[in-house]
Amino acid sequence: MAAGKDLEIGDGKAKKKKLLIIIAAAVILAVGAVVAVLMMSGGSSEPAPAEAGAETAAAVDPNALAAKGTALYVSMPRPFIFNVPGASKDRLVQIKVQLLVRGSNNEETAKVHIPLIESTLLRNFSTSNAEELITVEGKENLKKKALRDVQEALTGVAGSEVVEEVLFTGFVMQ
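A. Geometry of the pattern of salt bridges. Tallied over the full model, the rule gives five salt bridges. Arg-102 serves as the salt-bridge partner of Glu-164, at 2.9 Å between the closest nitrogen and oxygen. Residue Glu-164 is found in strand 4 (residues 163-173), and its partner Arg-102 is found in strand 3 (residues 91-102); the two are separated by 62 residues along the sequence. For Glu-164, a relative accessible area of 28% gives the class partly exposed. The salt bridge partner of Glu-140 is Lys-143, with a shortest N-O separation of 3.7 Å. Taken together, the residues span about one helical turn, with Glu-140 and Lys-143 both in helix 7 (residues 136-158) at a distance of three residues.

Encoded structure:
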């Protein structure tokens, strides 16, 4: 009978030890989660001082971007695939595009007008040629022209530019 009592006492201690380990692990996870949240939030409510010589709108007015709204990205549902003429032969180009917008209102407006944006971008892309698209400058010029055209089209139907930037997230030319 003494052996049976020893087993019960041993099981009780083992259960208490496991329970303490589980509680300690839960406390460590909770503390880790709180630390992670504090680190993600930035930890400081004061805006960072602007660097000398910075020419961005945020440096001029730190609240300018905050007033515009958070940056959101609207993906075009499918990549643009089109032919462009080249010196020796025509080339096939595929461009994946995302639009940078500010605020949920502009995001919703852009989503509503995706067919107009797609049409405008495709018309814009099809006017380029292979020699332009080979260079970095040519791609940048294409992005700038695409942004102007999209903003003009959206201003006509939505009353504002809506899109802040046209981003190429994929670019293949064969």
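B. Main features of the confidence of the model for the protein chain. Here the protein chain shows a mean pLDDT of 80. Residues at 70 or above account for 73%. Of all the helices and strands in the protein chain, helix 2 (residues 57-60) carries the lowest mean pLDDT, 46, while strand 3 carries the highest, 95. Counted against residues more than four places away or in other chains, residues 43-60, with its pLDDT under 50, gives five contacts.

C. Just a nonpolar patch on the surface, in detail. Together, Leu-19, Ile-23, Val-27 and Val-31 line one region of the surface with nonpolar side chains, adding up to about 350 Å² of accessible area. Looking at the secondary structure, you find Ile-23 in helix 1 (residues 2-40). Ile-23 sits in the partly exposed class, given a relative accessible area of 44%.

D. A look at helix 7. The first and last C-alpha atoms of helix 7 sit 32 Å apart over 23 residues, in line with the 33 Å expected at 1.5 Å per residue. Every buried residue of helix 7 is accounted for by Gly-138, Leu-142, Lys-143, Ala-146, Leu-147, Val-150, Gln-151, Ala-153 and Leu-154. Taken together, the buried residues of helix 7 touch strand 3, helix 5 (114-125), helix 6 (130-134) and strand 4.

E. Here's a closer look at helix 5. A rise of 1.5 Å per residue sets the reference length of helix 5, with its 12 residues, at 16 Å; its end C-alpha atoms lie 16 Å apart and thus fit the reference within 8%. Turning to helix 5, its buried residues are Ile-114, Ile-117, Glu-118, Thr-120, Leu-121, Asn-124 and Phe-125. Buried positions in helix 5, seen along its axis, are confined to an arc of 165° and lie on one side of it. Along helix 5, the residues that are exposed and aim more than 90 degrees away from the buried face are Pro-115 and Arg-123.

F. Representation of the side chain of Gln-151 within the structure. On the secondary structure map, Gln-151 appears in helix 7. Using a relative accessible area of 14% as the deciding quantity, one classes Gln-151 as buried. A distance of 2.7 Å separates a polar atom in the side chain of Gln-151 from the backbone oxygen of Val-163. Beyond its immediate stretch of four places on either side in the chain, Gln-151 contacts Glu-161, Val-163 and Glu-164.

Definitions and cut-offs
Each chain carries its own residue numbering, running from 1 in the direction its sequence is written. Only residues with pLDDT of 70 or above have their local features reported here, since the model is predicted, and side-chain atom pairs are shown and tallied only from 80 upward, although totals for entire chains, interfaces and linings are computed over all residues. Computation of side-chain values covers all heavy atoms of the structure but excludes hydrogens and water. Every case where a carboxyl oxygen of Asp or Glu lies within 4 Å of a side-chain nitrogen of Lys or Arg is listed as a salt bridge. Numbering of helices and strands starts at the N terminus; helices are DSSP runs of H or I of at least 4 residues and strands are runs of E of at least 2. Burial classification: accessible surface area is computed with a 1.4 Å probe over protein chains only, and a residue below 20% of its type maximum counts as buried, one above 50% as exposed, and the rest as partly exposed. Per residue, pLDDT captures the predictor's confidence, and it can take any value from 0 to 100. For this analysis, residues touch if any pair of their heavy atoms sits within 4.5 Å. To count toward a patch, a residue needs a relative accessible area above 30% and no salt bridge. Like charges then connect within 9 Å, nonpolar side chains (Val, Leu, Ile, Met, Phe, Trp, Tyr) within 5 Å. Per-residue and other accessible areas were derived by the Shrake-Rupley procedure at a 1.4 Å probe size, with only the shown protein chains allowed to occlude residues. By definition here, a helix of n residues has an expected span of 1.5 Å times n minus one. It is the directions from the helix axis to the C-beta atoms that the arc portrays. Whenever a nitrogen or oxygen atom comes within 3.5 Å of another N or O atom, the pair is scored as a polar contact, on the condition that within protein one atom can donate a hydrogen and the other can accept it, and that pairs from neighbouring residues in sequence are kept only if both atoms are in side chains.

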